[in-house]
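What the coordinates show
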Amino acid sequence: MKLEEEYGSSLFPTYAKYPIALVRGEGSRLWDEDGKEYLDFMSGLAVCNLGHAPGNVAARVAEQLGRLWHVSNLFRIPDQEKLAKLLTDHSCTDLVFFCNSGAEANEAAIKCARRYHQRVLGNGRFEIVTFEKSFHGRTIATLTATGQDKVKDGFYPLPEGFAYAKYNDLDDVEEKMTDRTAAVMLELVQGESGVRPADREFAVRLAELCERRGVLLIVDEVQTGMGRTGKLFAYEHYGIEPDIVTLAKGLAGGFPIGAMMGKSKLRDAFSAGSHASTFGGAPLAAAAGLATVETLLGERLPERAERMGAYALRELRKRLAACPAVRDVRGLGLLIGIECAGPAAPVIGKLHDRGLLVVPAGQDVIRFMPSLYVTEEEIDRAVGLVAGALSDG
Ligand SMILES: *Cc1c(COP(=O)(O)O)cnc(C)c1O
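Rules used throughout
Residues numbered from 1 in each chain as written. Predicted model: local features only at pLDDT ≥ 70, side-chain atom pairs only at ≥ 80, totals over all residues. Heavy atoms only, no water. UniProt positions renumbered as here; feature names shortened; annotations may be inferred. Helix = DSSP H or I, 4+ residues; strand = E, 2+ residues; numbered from the N terminus. Buried < 20%, exposed > 50% of the residue type's maximum accessible area, 1.4 Å probe, protein only. Contact = heavy atoms within 4.5 Å. Core = buried A, V, L, I, M, F, W, Y, C linked by side-chain atoms within 4.5 Å. Domains from an automatic or database assignment. Pairing = 2+ DSSP bridges. Axes fitted to C-alpha atoms, helices over the stretch in contact; angles between N-to-C directions. Near = heavy atom within 4 Å. Polar contact = N/O pair within 3.5 Å; in protein donor to acceptor, adjacent residues only side chain to side chain. Areas by Shrake-Rupley, 256 points an atom, 1.4 Å probe, with all protein chains shown as cover. Nonpolar A, V, L, I, M, F, W, Y, C, P; charged D, E, K, R; others polar. Phe/Tyr/Trp six-rings, centres within 6.5 Å; stacked < 30°, edge-to-face > 60°. Lys NZ or Arg CZ within 6 Å of the ring centre and 35° of its normal. Buried area = accessible area lost by both parts, 1.4 Å probe. Salt bridge = Lys/Arg side-chain N within 4 Å of Asp/Glu carboxyl O.

The name an unreviewed UniProt entry gives the protein chain is Acetylornithine aminotransferase, with Paenibacillus flagellatus as the organism. According to the UniProt record, the Catalytic activity (unreviewed entry) comment for the protein chain reads "N(2)-acetyl-L-ornithine + 2-oxoglutarate = N-acetyl-L-glutamate 5-semialdehyde + L-glutamate". Of the protein chain, the UniProt comment under Subcellular location (unreviewed entry) reads exactly: "Cytoplasm".

What follows is the structure, given as structure tokens:
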């Protein structure tokens, strides 16, 4: 059977879909249409950080759903203002712009950085330095920012003004900076290309370099944010203060939302009418985001992620130490990568058959991203399944 027939001929074939249709979820568990149960260690790609269908978020969204769905951003939206206050109170930033996805958040960051230099400082700077193997999204600007050729294939011409430095290489960043550089855009753990954390020294010296050169530091926390790495935001691990932080995935527990947060000096980069989003931070998304962030903070879930992440890393290293099919186990909090000696896809297929849902990062890394409520028992089960699948190969 042709793939298109098997998985729905009315969809553009943009995804290599797994042959599983999930129809129900609860916490770390998912069920497919045949009633088969799965242990979920991917969380909808770092989206469902509170597990599936979290009751308190569901209740808030249901209440909002019965009252008011949508209001234009031309009017005040109280929950949106509360969510922005909560995010700025718990970060190094002061202002928030809401949108609907990670790509849009990064798009807003690129626009904010350019407009700050061009309209506030009046220096005309526009270049953005990003990193090789980075991932920042799929819009034309954010795929240009992305340091991987495969996402650009067939989409030329691309916008001007992007340069790519080697990750964890400060000298190379300095080399790629010019007197037109407006910002550096960085993931503190490169998620999509293989779960590669930034070196502490590199991140600290990069922040200093940006400060010295009058270049804005944009940290893309679309995947690493919302407690995933064991802090509310990954930049907290590094003791740096980005000028701009972008969020999406886990921000509303599974409801679509994105956000660009920035320091107060950036306020005048945007004036009324210079940027907008019809759905950004509308009442349903704002209610879901507010309930999610209140839960993350109220239940100290980032700390839990730090503890459980350390446990998972230790157990994985212990169980896989003698496994010749494993090259490395690394990560930050509950964003963990198991680098295999060969392609990850066959191992992942086997794990799906055995009831563990995981996804790859790049070609040869298995990614662990369970709910922040994950238990030691669930980690033990997942580690056992991975060790089994890697050793009976
Ligand atoms: C997923 C991701 C994006 C893109 O987010 P979308 O919501 O799919 O647009 C951007 N940056 C990083 C680091 C991501 O992991």
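Read on for the rest.
1. Points about the UniProt feature "binding site: N(2)-acetyl-L-ornithine" (unreviewed entry) in the protein chain
Under the local residue numbering, the UniProt record ascribes the feature "binding site: N(2)-acetyl-L-ornithine" (unreviewed entry) to Arg138 and Ser277. With respect to the helices, strands and loops of the structure, Arg138 is situated in the loop between β5 (127-131) and α6 (140-145). Accessibility expressed as a relative area gives 59% for Arg138, which makes it exposed. Setting aside chain neighbours within four positions, we find Arg138 in contact with Ala103, Leu143 and Val151. Positionally, Ser277 belongs in the loop between β12 (258-262) and α10 (283-298). Not counting the four nearest positions on each side in its chain, Ser277 is found in contact with Asn73, Phe97, Phe98, Cys99, Asn100 and Glu104.

2. Here we look at the nonpolar core
Counting 99 residues, the largest nonpolar core has Leu87, Val184, Leu188, Leu206, Leu320, Ile338 and Phe368 as its most contacted members. Both domains that meet at this core, namely domain 1 (1-54 + 301-391) and domain 2 (55-299), each give it at least three residues. For Val184, the contacting residues outside a window of four places in its chain are Val129, Phe131, Val173, Met177, Leu206, Cys210, Val215, Leu216, Leu217 and Ile218.

3. Some words on the sheet that holds strand β16 (residues 359-361)
If you walk across this open sheet you meet the 4 strands as β13-β14-β17-β16, and the pairing is antiparallel. Edge positions in the sheet fall to β13 (326-332) and β16, since each has one partner strand and no second. Shown here is a sheet whose adjacent strand axes are inclined to one another by a mean of 30°, direction ignored. Here β13 pairs with strand β14 (residues 335-340) via 6 bridges, running antiparallel. In the sheet register, Val329 faces β14, and the bridge partner there is Ile338.

4. Quick notes on the site of the ligand
Around the ligand, a shell composed of Ser101, Gly102, Ala103, Asn106, Phe135, His136, Gly137, Glu187, Asp220, Val222, Gln223 and Lys249 is seen. Within the contact set of the ligand, an oxygen atom lies 2.8 Å away from a backbone nitrogen or oxygen of Gly102. In the environment of the ligand, a nitrogen atom lies 2.8 Å from a nitrogen or oxygen atom belonging to the side chain of Asp220. Summarising the interface, the protein chains cover 82% of the accessible area of the ligand, which totals 390 Å² for the free molecule. For the shell around the ligand, a count of residues per class yields 3 nonpolar, 6 polar and 3 charged.

5. A word on the packing of aromatic side chains
Any aromatic ring pair is given by two values, namely how distant the centres are and how the planes are angled relative to each other. Applying the stated criterion to the full structure yields 5 aromatic pairs. Here the aromatic rings of Phe233 and Tyr235 are separated by 5.9 Å at their centres, their planes lie at 5°, and the arrangement is stacked. As far as the burial class goes, Phe233 and Tyr235 line up, both buried. Among the aromatic residues, those joined into a cluster by ring pairs are Phe131, Tyr167 and Phe202. Positioned above the aromatic ring of Trp31 is the side chain of Arg24, whose terminal nitrogen or guanidinium carbon lies 4.1 Å from the ring centre.

6. Some words on the domain arrangement of the protein chain
By domain assignment, the protein chain separates into domain 1 (1-54 + 301-391) and domain 2 (55-299). Taking only C-alpha atoms into account, the centre of domain 1 sits 25 Å from that of domain 2. Each side of the interface is counted separately: domain 1 has 30 residues, and domain 2 has 32 residues. Both sides of the domain 1 and domain 2 interface together cover about 2,500 Å² of buried area, and 58% of this is carbon and sulfur. Looking at the side of domain 1 facing domain 2, the largest losses of area belong to Pro54, Leu332 and Leu335, adding up to 25% of the total buried there. Viewed at the interface, domain 2 and domain 1 are joined by 2 salt bridges. Our enumeration of links across domain 1 and domain 2 arrives at 18 residue pairs in polar contact (both at pLDDT 80 or more).

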